[in-house]
Amino acid sequence: MTGEFVLNFPESAKKIRDAGHEIGCHSLSHPHLLEKSLDSRFLQVRRNVEIVRDVLGVTPRLFRPPFGEFNVTVSAPARAEGMEVCMWSIDSHDWDPEYDANRVLKRVTKNVGPGTIILFHLDGYHTRQILRDAVAYYRDTLGLELVPITELMAMGGIQLPDCPYEE
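Residues numbered from 1 in each chain as written. Predicted model: local features only at pLDDT ≥ 70, side-chain atom pairs only at ≥ 80, totals over all residues. Heavy atoms only, no water.

What to know about the pattern of salt bridges
Here is the rule we go by: By definition here, a salt bridge exists when the distance from a side-chain nitrogen of Lys or Arg to a carboxyl oxygen of Asp or Glu is within 4 Å. Secondary structure elements follow DSSP: runs of H or I no shorter than four residues count as helices, runs of E no shorter than two count as strands, and numbering proceeds from the N terminus. Only protein chains enter the accessibility calculation, which uses a 1.4 Å probe; a residue whose area is less than 20% of its type maximum is buried, one above 50% is exposed, and one in between is partly exposed.
If you walk through the whole model with that rule in mind, you get five salt bridges. A salt bridge links Glu 81 to Arg 46, with the nearest nitrogen and oxygen atoms 3.3 Å apart. Of this pair, Glu 81 sits in the loop between α4 (72-80) and β2 (84-85) while Arg 46 is found in helix α3 (residues 38-56), placing the two residues 35 residues apart along the sequence. Glu 81 gets classed as buried once you look at its relative accessible area, which sits at 5%. Assessed through its relative accessible area of 34%, Arg 46 is described here as partly exposed. Note that Arg 47 and Glu 50 form a salt bridge whose closest N and O atoms lie 3.3 Å from each other. You can see Arg 47 and its partner Glu 50 sitting in helix α3, three residues apart, about one turn around the helix. Relative accessible area serves as the criterion here: at 31%, Arg 47 is assigned to the partly exposed category. Owing to a relative accessible area of 28%, Glu 50 belongs among the partly exposed residues under this scheme.

Quick notes on the layout of surface pockets
The cut-off we apply is this: The way it works is a 1 Å grid over only the protein atoms, where trapped points that fit a 1.4 Å probe form a cavity and open points with protein on both sides within 12 Å along at least five of seven lines form a pocket, and then any residue with an atom within 4 Å of a point lines it. Grid points are joined across faces, edges and corners, and a volume is the space filled by probe spheres set on the points. Three classes are used, and their members are as follows: Ala, Val, Leu, Ile, Met, Phe, Trp, Tyr, Cys and Pro are nonpolar, Asp, Glu, Lys and Arg are charged, and the others, Gly among them, are polar.
The calculated volume of the largest pocket comes to roughly 2300 Å³. In terms of lining residues, the largest pocket is bounded by 50 residues, among which His 21, Ile 118, Leu 119, Phe 120 and Ile 149 are the most central. Sorting the residues of the lining of the largest pocket by element identifies β1 (62-63), β4 (118-119), α6 (127-141) and α7 (149-155) as the ones contributing at least two each. Sort the elements by how many residues they give to the lining of the largest pocket and α6 lands first, with seven residues. The residue makeup of the lining of the largest pocket, split by class, is 30 nonpolar, twelve polar and eight charged.

By themselves these figures say nothing about function.
This is the structure we're talking about:
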């Protein structure tokens, strides 16, 4: 979640948290971080963490950089805040108005297997319908179990950095 989403839609953010979803950070305002100064990158990450902690009462452990753009100068601020960068295997393109529901569904049901991470957006086109159909396909047809990303990471032997905040 971006910090702006949590600030502007705190009840929606709390519903997501209360439904048991893992909460990660996505920057304060969703800029192209590689175009920002290092200080701005740290601010985007740190402020996002503070807002999530203050509003939702959870300490995020995952960071997905906006637009998937990152290098060590983006991952360093995330790691300094106790988070690991988490990317996706398949971009659903639910954000693209040129992709209808069928085209997005085809993208997210092709080449899927254990360990696949699929990128969806809260404000994506047709996302609710696509998720319903895709999740049924993953479970019923492929026999996959959906797990939180930190659990998937642990299965792959990826350790999260030490968290600088006490729970």
